[in-house]
Amino acid sequence: MEFTEAYKQSGPCCFSPNARFIAVAVDYRLVIRDTLSLKVVQLFSCLDKISYIEWALDSEYILCGLYKRPMIQAWSLIQPEWTCKIDEGPAGIAYARWSPDSRHILTTSDFQLRLTVWSLVNTACVHVQWPKHASKGVSFTQDGKFAAICTRHDCKDYINLLSCHNWEIMGVFAVDTLDLADIQWSPDDSAIVIWDSPLEYKVLVYSPDGRCLFKYQAYESGLGVKSVSWSPCGQFLAIGSYDQMLRVLSYLTWKTFAEFTHLSNVRAPCCAAIFKEVDEPLQIGMSELSLSGDYMQGNSEGHYSVRYDVTEVPITLPCQKPPADKPNPKQGIGLMSWSNDSQYVCTRNDSMPTILWIWDMRHLELAAILVQKDPIRAAVWDPTCTRLVLCTGSSHLYMWTPSGAYCVSVPLSQFNVTDLKWNSDGSCLLLKDKESFCCAAAPLPPDESSDYSSDD
């Protein structure tokens, strides 16, 4: 892999949807860089420190959330002199997002008093009272024609269907939840899935006209749903729960056809490949040795690289038991992500934060286990092929493909990868450290004949 030099950042960084630009927050400045050269294309000055960035889907506009003010500023790459400022006054702004047409901004006020749709075309605005959540509870259809917005009043949850053409409410219906957590349209726009808070295990599927198509409840006692995700193909619905299990439902029958457990003891007949991260001392020749204090201080952390060792079963994985007397226990499926071809899904059980599980949906079996030294911060799939990249806050990247797994050292001084993102064409990775970022050109993964374990 090829890495760029590090550049300063102080907050959110993200690729544009068309993969041509990178938006970077540097205090109160919004810096737009070219993805290939990383040269500055545009520089915008906001009125306060930038807390949030989101590109419009057409990559022509970008909004910045100045939540300390609170205020939203939007900018145009096509017309740099064009500006937009949204201020809700005493109501405040807790969150903002673009509509699919890239010409409307949806803001949620503090305390969820109202959701407002602001038009960039004619300055008109539409209000929806009592949205359920600030950053969650809103979902758009894939074709961008309709929005489903969760609201709550009179101690009951509702779904409001709005047309994204004129933002008129097309219908409102109550849902059978105690405390609705979030909502997602199905990939084919024919159904809406909602799920309850962790206090009640309940996943409900509704048609757009308000009919309940399916109700799923895996168990009654104990904390319930922690994560929900549709597969890209739209045929599977994955549900991660606090009982440390991943359940997968079929969209055609709404029946559970796969249940995957995350056990700390892995034994036969499990035939998954298990990759364990281990230190590998660097080979230093006599001519490279130095007795100077500067050398020792500057390289004390660089005497080791890392690699994956292939481990056989049985194996006992490191596990943390959350305290029973504290809320929000660190257990259950907190990270879950589908590969672009829907063949694999990766999960992290939060009581085993250093372990990444990769499940094969074609054969309904465990494909691989990655055992890291440090807790996994992020794991993202290549949008163009079956390749998974993860980071743990160390100076290395870790990659998995069906061919095997390998480690890549980041050749930048004092750069620890805390977060990462792919651009939409899969050619480049954005890597974030605490106060800087860099990009990495990601060549195609090694072919199926390559060794299982390798390091770079």
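The name given to the chain in an unreviewed UniProt entry is WD repeat-containing protein WRAP73 isoform X3, and the organism recorded there is Rhodamnia argentea.

Looking only at helices and strands, one finds 1 helix and 42 strands in the chain. Taken along the three principal axes of its C-alpha coordinates, the chain extends 75 × 55 × 45 Å. Here the chain, with 456 residues, has 53% of them falling under the buried criterion. Residue pairs at least 24 apart in sequence account for 44% of intrachain contacts in the chain once pairs closer than 6 positions are excluded.

What follows is about the environment of Ser351. Considering the arrangement of structural elements, one finds Ser351 in the loop between β32 (344-349) and β33 (355-360). A polar side-chain atom of Ser351 sits 3.2 Å from a polar atom in the side chain of Gln244.

Of all 6 residues that make up strand β4 (residues 21-26), 6 are buried, and the element is covered over most of its length. Burial along β4 is two-sided: the face carrying Phe21, Ala23 and Ala25 and the face carrying Ile22, Val24 and Val26 are both buried. Examined bridge by bridge, strand β3 (residues 13-15) and β4 share 3 bridges and lie antiparallel to one another. Paired with Phe15 across the bridge in β4 is Ile22. Here β3 folds back onto β4, and the loop between the two strands holds 5 residues, one of which, Ala19, carries a positive phi near 70°. In this structure, β4 lies alongside strand β5 (residues 29-34), joined through 6 bridges in antiparallel fashion. Bridged to Ala25 within β5 is Leu30. Two successive antiparallel strands, β4 and β5, enclose a turn made up of 2 residues, where Asp27 displays a positive phi of approximately 60°.

Glancing now at the sheet that holds strand β10 (residues 83-86). Spatial strand order, β7-β8-β9-β10: 4 strands in an open sheet with antiparallel pairing. The sheet is open, and its two edges are formed by β7 (52-55) and β10, each paired on a single side. Across the sheet, the mean angle separating the axes of adjacent strands is 20° when strand polarity is ignored. Bridge analysis of β7 against strand β8 (residues 61-66) gives 4 bridges, and the strand direction is antiparallel. Paired with Trp55 across the strands is Ile62, a residue of β8.

A few words on the confidence of the model for the chain. Per-chain confidence: the chain averages 92 in pLDDT, with 92% of residues scoring 70 or above. pLDDT under 50 marks residues 291-303. Its contacts with residues more than four places away, or in other chains, come to 10 contacts. The model gives residues 448-454 a pLDDT under 50, and that stretch makes 18 contacts with residues more than four places away or in other chains.

Attention now goes to the nonpolar core. The biggest cluster of nonpolar side chains holds 23 residues, and the ones touching the most others in it are Leu246, Val248, Leu317, Trp357 and Ile369. Those elements that place two or more of their residues in this core are β24 (236-241), β25 (245-250), β26 (256-261), β31 (333-338), β33 and β34 (365-371). Discounting chain neighbours no more than four positions away, the residues touching Trp357 are Thr261, His262, Leu263, Val266, Leu317, Val345, Cys346, Thr347, Met352, Leu366, Ala368 and Ile369. Judged by nonpolar contacts, the second largest core, of 20 residues, contains Ala273, Leu335, Ala368 and Ile376.

Turning next to a nonpolar patch on the surface. The grouping of Phe111, Leu113 and Trp130 at the surface amounts to a nonpolar patch, some 370 Å² of accessible area in total. The class of Trp130 is partly exposed, set by a relative accessible area of 42%.

About the cut-offs
- Residues numbered from 1 in each chain as written.
- Predicted model: local features only at pLDDT ≥ 70, side-chain atom pairs only at ≥ 80, totals over all residues.
- Heavy atoms only, no water.
- Helix = DSSP H or I, 4+ residues; strand = E, 2+ residues; numbered from the N terminus.
- Buried < 20%, exposed > 50% of the residue type's maximum accessible area, 1.4 Å probe, protein only.
- Contact = heavy atoms within 4.5 Å.
- Polar contact = N/O pair within 3.5 Å; in protein donor to acceptor, adjacent residues only side chain to side chain.
- Pairing = 2+ DSSP bridges.
- Axes fitted to C-alpha atoms, helices over the stretch in contact; angles between N-to-C directions.
- pLDDT = per-residue confidence, 0-100.
- Core = buried A, V, L, I, M, F, W, Y, C linked by side-chain atoms within 4.5 Å.
- Patch = residues over 30% accessible without salt bridge, like charges linked within 9 Å, V, L, I, M, F, W, Y side chains within 5 Å.
- Areas by Shrake-Rupley, 256 points an atom, 1.4 Å probe, with all protein chains shown as cover.
- Salt bridge = Lys/Arg side-chain N within 4 Å of Asp/Glu carboxyl O.

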